[in-house]
Amino acid sequence: MSLSQATVEKIQDYARRYPSAQSAILPALWAVQHEVGYVTSDGMREVAQHLGLPASLVEATSSFYSMYLTRPEGRHDAVMCVNVACALRGAEELFAYCEQRLGIRDGQTTSDGAITLRSTIECLGACGGAPMMQIDHRFEEDLTPERVNAIFERLRTEPAPSPEPPRPAAVPPTPTPAAKAAPKRPAGGSRPREKKADT
Amino acid sequence: MAVATDQVTLQVDGVSVTVPKGTLILDAAKKLGIDIPIFCSHPKMEPVAVCRMCLIEVEKMPKLQPACAIPVAEGMVVRTLTDKVKQYQQGVLEFLLINHPLDCPICDKGGECPLQDQTFQYGPGASRYDFQKAHFDKAVPLSDKIVLDRERCILCWRCTRFTEEISGERELALIKRGVHTIIGTFNDEPAQSVYQGNWTEICPVGALTSRQYRFISRPWDLDRTPSVCPGCAMGCNIQIDSRHNKIGRFQSRENLEVDDGWLCDQGRYSFPYFQRDQEFGSPSIRRDGQLAAVSYPEAVAEAAARLQRAGSSAAGWASPGATNEELFLFQRLFRETLKSPHLDHRQQGIHETDPEDIGLPIADIERCDHVVVLGGQEVIDAAPVLHLRLHKSQRHGVAVHRVDEVKAGLAAVPAEATVVGVLATAARRADAITLQNQLVSKVKGSVRRLIVVRGPNGRGAKDLGILPHLGPGYAVLNGRAGRPRAEWPKAGIRALYIYDASPLQEFGATEAELDWLRSLDTVIVQRFKPSVLDEYAHVVLPGRAFPEKDGTMTSMEGRVQRIATGIDAAHVWDDWRILQAVANAMGAGWPYRTSESIFADLAKAVPAYAAAAPAQGRVLWGER
């Protein structure tokens, strides 16, 4: 299996942005993950080829970071923060509720392939909205069982998020129209935000 | 004496020492004989300071500093023996051992393991850790040569840095992170490098071990013999480690001028070819179509009688894996005793040769500003350790051009070049000389060449005149030249003496040559292991493998190095003794008792070798 022309062009574009091709490994891996759904070994090999780097270096880099997926997962990625602030606001109980609600355990994917649930992430820096979870590239904050239900219901039918690799640091981030249009603090307490570019 | 400003004076444990600027504290201390324990630091690699074993106190610096990574400064006061340092050394070892399996009793490294030795010398003595250790995969095959124990690994990065800095292949990497970190190849694919044996030597624990040496011996049970690798013409220095008179492994024996401390896997793992794992038959004579076992004197007498009948129509082929002493006698047997000029050591090609082929010593590659590798990978394949020297040179700014054609080589080197080297195999020698001549007219500096010959003593075979047209020392044989091997089937040859000294550099007969062998009156085969040639032989003379004999070998750069007997094979005649007996049976009257006495005569015939004689012990003599 090889990557699509669009992804290859993206990778080549990243390679041109930095003085060293090594710097383009992270965004290139994101491009692979967005196309394939996870970082495959074929994908890493192709990244290495396009960047002119040894494949071992690409695997060393991708395996260092926890947000590159190493196997196929659900259409949507639901990661709940259970670090201190969220834990104090009931994240662990809420996570148990999520597991029960979806009928899966930490790290598993629902049988319809819609949602992968995880709690294996460190603080996402949204303690003000604790407890919170990251759905694909967006934050959902001030969670309650009711809000979790609503989110899961929505995800069951929603298609996978469109590939939206984080912008490399060399380019100043421009907010997406959706993020711009979103109210700062909607009435429901939800505050969708674009995920940060760094991993 | 360097200029004062390039030197730095510091104190280590109260003793003053002056070293060049940029020296690491570790090396300054070493100069005083003060040993600072290390794991990750390696003299041939950039410091990384990941293992923390070398922490020492430096006055005016708030915390302990890694001696392997901090350069010296004027007036620096270093302390390596304080209670605080000792406490940290114990602490570091205690941490390193938390997840280390401590399976030393079944570990191949036990007895020569830096972790074991330094735990004994600097460690806490007992563990306070009574929780479950982290478990990883054990006995993971990294390739057909290496097995990796991930529990023993202390993540010093030496092997990954070797593949990055020394070989440049970057096959090994640190996968995952933190406590989950492991060493591995991309996608767990088998490692392809031909320098993997070096990983086992630099590994400071028993994580990377050779499959060939697995559970073979304890290091303290090994007999160690200095020798030279029998693989190729590079002349890498090795140590033959043997136990119970069997070869256990070949280890590197650092010679900065030749191998820089490294070996390739072809050489290192070649030893089973030289293992006397069974008896390889006694001398034999063909009677009624069958080989019949006889004594050495009988076989020698038969060989001599047959050769004498052939006289000057006898031809001799000697392997470029034989020693100089043997080749010298072989040459005398033909030129002096039989008066036959038909000598060769080559296979099919007829490659010319002259002393300028050794114009560029291996170590001088680093001192070139441009090196052209004519033939690219085929040169590396012929002498793999050459790649490590080229890679090192490249890292230090030498421009290395791997080209296939003379034209490309000429274009690659700019006119401003001052020191230029040309490397090529013997098959491309003519092209290499063309390129050299063209470069000489193009560049303002000097141009030298180094030809990679075949066999560990291919250069010696040329030096000593195992050639139809050149005598010892490249002496021209006006009108007395013989025919090269390729022409023997049509040259009226009646007897052929094949000295097949090494299983790695065999006679390698073609189909046509085998037909020719069948038609000959006499075929004499002197060899170590039974070979296909036995079937064609009228006399078979079993000799010794290279670890079983002593003598000298001349590497491709003209370096004469000694090999010593590491394996006892007293019941088999030494090869030079067989050659002498055959010649003496024809009345030669040679008096040699040892290989050294042959070398003395050899040095008279080839004056360049006199400088290499053990008594002078210098110039070409690489023996350390």
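This text follows the structure it describes.
Residues numbered from 1 in each chain as written. Chains lettered and ligands numbered in written order. Predicted model: local features only at pLDDT ≥ 70, side-chain atom pairs only at ≥ 80, totals over all residues. Heavy atoms only, no water.

Further remarks concern the packing of helix α6 (residues 91-102) of chain A against helix α7 (residues 145-157) of chain A. All names here are of chain A. Packing of α6 against α7 leaves a shortest axis separation of 11 Å and a crossing angle of 40°. As the angle between them shows, α6 and α7 are arranged oblique. Helix-helix and strand crossings are classified by hand; for α6 and α7 the assignment is right-handed. Contacts between α6 and α7 pair Leu94, Tyr97, Cys98, Arg101 and Leu102 from the former with Pro145, Val148, Asn149, Phe152, Glu153 and Arg156 from the latter. (Axes fitted to C-alpha atoms, helices over the stretch in contact; angles between N-to-C directions. Helix = DSSP H or I, 4+ residues; strand = E, 2+ residues; numbered from the N terminus. Parallel < 35°, antiparallel > 145°, perpendicular 65-115°, else oblique. Left-handed = near helix turned anticlockwise from the far one by under 90°. Contact = heavy atoms within 4.5 Å.)

Below, the discussion takes up the sheet that holds strand β13 (residues 246-252) of chain B. Two orientations exist for strands paired in a sheet by backbone hydrogen bonds: parallel and antiparallel. All names here are of chain B. The antiparallel open sheet is built from three strands, whose spatial order is β11-β12-β13. Sheet topology places β11 (223-228) and β13 at the edges, where each strand pairs with a single neighbour. Averaged over all adjacent pairs, the angle separating strand axes in this sheet is 30°, with direction ignored. By the bridge criterion, six bridges tie strand β12 (residues 237-243) to β13 in an arrangement that is antiparallel. (Pairing = 2+ DSSP bridges.)

Residue and element names in this part refer to chain B. Counting 91 residues, the largest nonpolar core has Leu115, Trp199, Met234, Leu386, Leu423 and Met556 as its most contacted members. Excluding its chain neighbours within four sequence positions, the residues that come into contact with Leu423 are Leu360, Ile365, Val371, Val372, Val373, Leu374, Val379, Leu386, Leu390 and Leu450. Formed by 48 residues, the second largest nonpolar core is a distinct cluster that contains Phe334, Leu541, Ile578 and Ala583. (Core = buried A, V, L, I, M, F, W, Y, C linked by side-chain atoms within 4.5 Å. Buried < 20%, exposed > 50% of the residue type's maximum accessible area, 1.4 Å probe, protein only.)

With that settled, the discussion passes to unusual backbone geometry. Between A:Ala130 and A:Pro131 the backbone carries a cis peptide bond, its omega angle lying at -10°. One can find A:Pro131 in the loop between β2 (115-118) and β3 (133-135). In this structure, B:Leu155 takes a positive phi of about 55° despite not being glycine. Looking at the secondary structure, you find B:Leu155 in the loop between β7 (146-148) and α4 (158-166). Located in the positive-phi region is B:Lys339, a residue other than glycine, with phi close to 55°. With respect to the element layout, B:Lys339 can be found in the loop between α8 (324-337) and β17 (342-344).

This next bit is on the interface of chain A and chain B. Chain A puts twelve residues into the contact, and the matching count from chain B is twelve residues. Of the roughly 1100 Å² buried where chain A meets chain B, counting both sides, 56% is carbon and sulfur surface. Considering only the surface of chain A that becomes buried against chain B, A:Ser56, A:Glu59 and A:Phe64 emerge as the three largest contributors, covering 41% of it. Where chain A meets chain B, there are one salt bridge. The salt bridge partner of A:Arg45 is B:Glu189, with a shortest N-O separation of 2.8 Å. The interface formed by chain A and chain B includes six residue pairs in polar contact (both at pLDDT 80 or more). Among the elements of the structure, α3 (41-51) and α4 (55-64) of chain A are those that each provide at least two residues to the side of chain A that touches chain B. (Buried area = accessible area lost by both parts, 1.4 Å probe. Salt bridge = Lys/Arg side-chain N within 4 Å of Asp/Glu carboxyl O. Polar contact = N/O pair within 3.5 Å; in protein donor to acceptor, adjacent residues only side chain to side chain.)

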